[in-house]
Amino acid sequence: MTQTMIVQSFGFFIAIGLSPFFVGLIQTTKARIQGRHGPSVWQGYYVLLKYWKKETTLPENSSLIFVIAPIVSISVMLLIMLFIPWGKQLPGVLAGDFIMVFFLLALERFWTALAGLDTSGTFGGLGASRILTIGIGLEPMLFAVFGLCFFLTGNTHFAQISPLWLRQAPHLLAWFLAAGGFALTILLEIGRLPIDNPDTHLELTMMHEATQLEYNGRLFAFSHFASMCKVTAMLAIGWVWFGPTLSSQWWTLLLHLFELGVSSILVGVVESFTIKMRFFRIPYYVSAVIGMGLLAVVITAF
Amino acid sequence: MMTEISLYDAHDPWVTINAMHRQQGDELLALTGFRDQKIKAHWLLADGSIAREQVRCSSDRFMTLTTILPEVAWDEREIYDLFGYTPIAHPDLRPLLRTQRWPDDFYPLRAAMPDRPLWRDGEPDQAMKVVQGEGIVIMKVGPTHAGIIESGHFVFSVMGENILCLDAHLFQKHRGIEALLQGKSFPAIQPMIARLCGSDSVSHQYNLLQSIEQVTDRHVSEVVQYRRILVAESERILSHLNDLAQIPAGVGFAVAHQKGLALKELWQRGMAVIFGHRFLFDAMYGEVFTQEDKLHFLSLITSFEALWAKWVKLTEKNVAFHDRMRGVGKVTRQDAKQLGAVGVARRATGEKSDMRKYMPLYQVVDFTVATALGGDVEARFQVRLLEVESSLSILRQTLARMGDPSKEEPFVVPSDLTGETVTFSESPHGLNVHVIQWLDGKIDRYHIRSGSYRNWPVLAKAVEGNVVADFPLINKSFELCYSCTDR
């Protein structure tokens, strides 16, 4: 029991601390594939430090919402990180409910969109409209993919699903469908290609970044760090759910960290060879993922 | 005093003669004003000769041609802003480059204008063309952009994600380039013309040289001619490489973008060795091409072609990339003709419009004019791909035929040049025209109408009805220069 708590706290802090590193891994992978040397994998820390040191100014027309939104973002992400079982979980310990996680993600999206609209800048509004449009598709995607987990375990708690899940999956095909569906959902949730291009400087094509254009200083450090944590959190949820666990708590934590590194590199590879899709084609992407999730349930049920 | 109401007169001789040229299928080279109250239009006839039509604007007014020739809309607005000659019944006479800070009677190119007029206070805000209505958002981008590009202010009228109308306000820099050139001698303007813009520099240099040679009736040797082809085609490759590399960036295809830029870098380093400048500034003026340069060039082409083939494969293999370009930023053949599209934009609509066919320089080499049918981003991408390959073949032909450099007497430009020339060339961005008036060895009037200048209104047309997020992609498929439109 105490060991679980220690591993959980340890995992929580390490995962948060390494979030900029994982994003750095994605960037370095992309740079190498492009034939560039690229910035160091630790660049994320320097960037955060830079924003932290800078003066924070507020746009003329902004309200309190503008200040609150990044704080909501970072709080939500830290809370989600806390819900993720970092070691091998015993049933009934640290009950993190995945429906709760979905709504926390929605809350974060809601505040980000509000902040985008708050300054009444053109791009903020455009970005807000786009992330909310995507959000409509995102929730059914998450539910469809996790439908299988719920169907098999009868439980919505991370802690109780993760150790049981692999052994109970009767069909490898169902596992593949659900895991693949979740991988596609992650790309959409963390705003990576083929949905959104986080590296672009073209305001007209931005989604998440467009809502952040007016931020600077510490507030931007918060929201920037939140988006880094989001990458770690979503990848971690994927591995906790669809990956294996080991017999020891500590080894499981180490395994998860290793998996996070591997999946960051994978995201980098995927980003290098995909193209940003047309905005109005995203519904097809969404329906494909929902279809995969439902199919997984159907295969398991019959 | 009665207010004079002027109506459009379709039977004005100035209108009828220009309408006749259009009907014959002639190509308009330039339309510009002169200090002696004259407006001149230069037409390239089918046989390659140039016809000059002119009108004297009595009391500073002349009949507009925009109604029959939409492609001159900007030229007439420019004449109005710079000379104060009013085109009668012009449908859209908003200031093109004039801002509210200019004094009322200040027309920079008119005679006896102060160098530094008394600027008025006020925001340099121009009247915008927008669509109004419920749910329509006006979106302003620029003039300062996040990327390393020049200044242009774009006003979008957007409904949801769709662009209803784009009004591009360029001409932000106010370099005063045409006024600056006036009164200067040939050696003084040489470096200025080479630095008019970074992407079509060689073409500008060539136009200036042509003008000198027409006035002095000089014939350059064959070796120099071949060398000029080499420089011109090198620039075409350089510029196309840049444009080709930029298109993938518009859809987040970073690998093709970076590898394309690496190709461009390879080419630029070669240019620095062979012609002494990475952007080929002043390269056209040189007349020396040694055996060593030739060997350098051949090895550059060989190492380039290996990497080029890989890059082409990388982009061709990617189905999603082509899907993303298809049907986006479509310009119909008719619109392209009406709006006076030139260069790649025109050829991407299926028309074999390539000014190299009219240039005496290119009569010695064989090449086919690259065209594509779609009129969209993919077609423009395709045309550029084909043109790089045809340019490589021209380079190889030229290098093979080029004899040993002969020792030539250095050419001294006479100090009493007088005459008027219209010179043109096919720059990487299309038909590029210079109208030059020499008077006693000095520039009396220098007018530049570059390919980019003509294609900007076409871009505005191409983005209509597309989604906002595709604007960068469409823009990059034209990759127009801001610099050579600045006045």
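Here the structure is a predicted model, which means the values were calculated and not measured.

1. A look at the overall build of chain A
Step number 1: Secondary structure summary: chain A contains 10 helices and zero strands in total.
Step number 2: Against the 2.2 N^0.38 benchmark of 19 Å for 302 residues, chain A shows a C-alpha radius of gyration of 19 Å, consistent with a compact globule.
Step number 3: Each principal axis of the C-alpha distribution contributes one length, and for chain A these read about 55 × 45 × 45 Å.
Step number 4: Within chain A, the fraction of its 302 residues that count as buried is 50%.

2. Considerations on the sheet that holds strand β7 (residues 153-159) of chain B
Residue and element names in this part refer to chain B.
Step number 1: With antiparallel pairing, the three strands of this open sheet are ordered in space as β6-β7-β8. Each end of this open sheet is capped by a strand with a single partner; those strands are β6 (136-141) and β8 (162-169). For this sheet, the mean inter-axis angle between neighbouring strands, taken without regard to orientation, is 20°.
Step number 2: The pairing of β6 with β7 spans six bridges and is antiparallel. Residue Val141 lies in a different strand from β7, and its bridge partner there is Phe154.

3. A few points about the sheet that holds strand β2 (residues 38-44) of chain B
Residue and element names in this part refer to chain B.
Step number 1: Strand order in the open sheet made by the three strands is β1-β2-β3, with antiparallel pairing throughout. Pairing within the sheet leaves two strands with one partner each, and these edge strands are β1 (27-34) and β3 (50-56). Adjacent strand axes in the sheet meet at a mean angle of 15°, parallel and antiparallel pairs treated alike.
Step number 2: Packing against the sheet, helix α1 (residues 13-24) makes contact with β2 and β3, and its axis sits at approximately 160° to β3.
Step number 3: Taken strand by strand, helix α2 (residues 73-83) contacts β1 and β2, and its axis lies near 15° from that of β1.

4. Details of the environment of Arg356 of chain B
Residue and element names in this part refer to chain B.
Step number 1: The topology assignment puts Arg356 in the loop between α11 (344-347) and α12 (377-401).
Step number 2: The exposure class of Arg356 is partly exposed, given the 19 C-beta atoms found within 10 Å.
Step number 3: In this structure the C-alpha to C-alpha distance between Arg356 and Phe367, which are 11 residues apart in sequence, comes to 9.7 Å.
Step number 4: In contact with Arg356, not counting residues within four places along its chain, are Tyr362 and Glu426.

5. Here's the deal with the environment of Gln437 of chain B
Residue and element names in this part refer to chain B.
Step number 1: Among the secondary structure elements, Gln437 is positioned in strand β10 (residues 430-439).
Step number 2: Judged by the 19 C-beta atoms lying within 10 Å of it, Gln437 is partly exposed.
Step number 3: Linking Gln437 and Gly419, residues 18 residues apart in sequence, is a C-alpha distance of 5.8 Å.
Step number 4: Filtering out sequence-adjacent residues up to four positions away, Gln437 remains in contact with Glu420, Asp444 and Arg445.

Rules and cut-offs
Residues numbered from 1 in each chain as written. Chains lettered and ligands numbered in written order. Predicted model: local features only at pLDDT ≥ 70, side-chain atom pairs only at ≥ 80, totals over all residues. Helix = DSSP H or I, 4+ residues; strand = E, 2+ residues; numbered from the N terminus. Rg over C-alpha atoms; globule rule 2.2 N^0.38 Å. Buried ≥ 20, exposed ≤ 12 C-beta atoms within 10 Å, placed from the backbone. Pairing = 2+ DSSP bridges. Axes fitted to C-alpha atoms, helices over the stretch in contact; angles between N-to-C directions. Contact = placed C-beta atoms within 7 Å.

Nothing here speaks to function; it is all geometry.
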